[in-house]
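# Secondary and tertiary structure notes
Listed here are the chains, written in short residue letters.
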Amino acid sequence: MSQPLMKQAEGQGPDDALRRHLAWGGTPPTATRARAEADALLSALQHAYQVRVAPRAADDVRLVVSELVSNAARHAPGPGRLDLQVADRGRTVRITVRDTSTVIPQPWPANPRRPGGHGLEIVKALGRRLTVQQTGEGKQITAELALHQSRTSPGPDRYYVHRTPDATSG
């Protein structure tokens, strides 16, 4: 179920007001539906705050949303949730996907001959930061994408795994 944008309170900027979420039970949303939520968030950012989002940055946000939601649908039985939030005064979008799988994904080294398995590699390359955190119900993956900067080169220091004290990675 999709939630509308939060109402803007007096004196609040985009970080406080612009959020979207999409929750699912047994049947996950399609990547098209998830991208529509990203488009709604970026459109609101442009219209409500006159923050221009470059087409390439918007494409990156859509792609990361698609990859994370598709991975959750493929590897976890549900329920799940997509949260989108504008941060850093309209310069960053945080994309968080929660699912019920406790398996911590590991980015694989780039290999153009490998069929599939490139989703996390793509997300890591496009984002400025990628964090995986185990929760009591599974895990959450958060990707932060800059809306107004050139991409940085991928590096191991931008992938973070947070484990609960009694949890192990799978």
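Residues numbered from 1 in each chain as written. Predicted model: local features only at pLDDT ≥ 70, side-chain atom pairs only at ≥ 80, totals over all residues. Heavy atoms only, no water.

An unreviewed UniProt entry lists the protein under the name ATP-binding protein, from Streptomyces vinaceusdrappus.

### What about the side chain of Thr92?
Relative to the assigned elements, Thr92 resides in strand S4 (residues 92-99). A relative accessible area of 2% places Thr92 in the buried class. A polar contact of 2.9 Å, which involves the side chain of Thr92, links it to the side chain of Arg128. For Thr92, the residues in contact, after removing those within four places along its chain, are Gln85, Val86, Ala87, Arg128, Glu144, Leu145 and Leu147. (Helix = DSSP H or I, 4+ residues; strand = E, 2+ residues; numbered from the N terminus. Buried < 20%, exposed > 50% of the residue type's maximum accessible area, 1.4 Å probe, protein only. Polar contact = N/O pair within 3.5 Å; in protein donor to acceptor, adjacent residues only side chain to side chain. Contact = heavy atoms within 4.5 Å.)

### Notes on the pairing of S4
Most of S4 is tucked away, with 6 of its 8 residues classed as buried. In the sheet, strand S3 (residues 80-87) pairs with S4 via 7 bridges, with the strands oriented antiparallel. Within S4, the position partnered with Val86 by the bridge is Val93. Linking S3 back to S4 in an antiparallel pair, the connection comprises 4 residues, with Asp88 at a positive phi of about 55°. Direction of pairing for S4 relative to strand S6 (residues 138-146): antiparallel, over a ladder of 8 bridges. Bridge pairing in S6 places Val97 opposite Ile141. (Pairing = 2+ DSSP bridges.)

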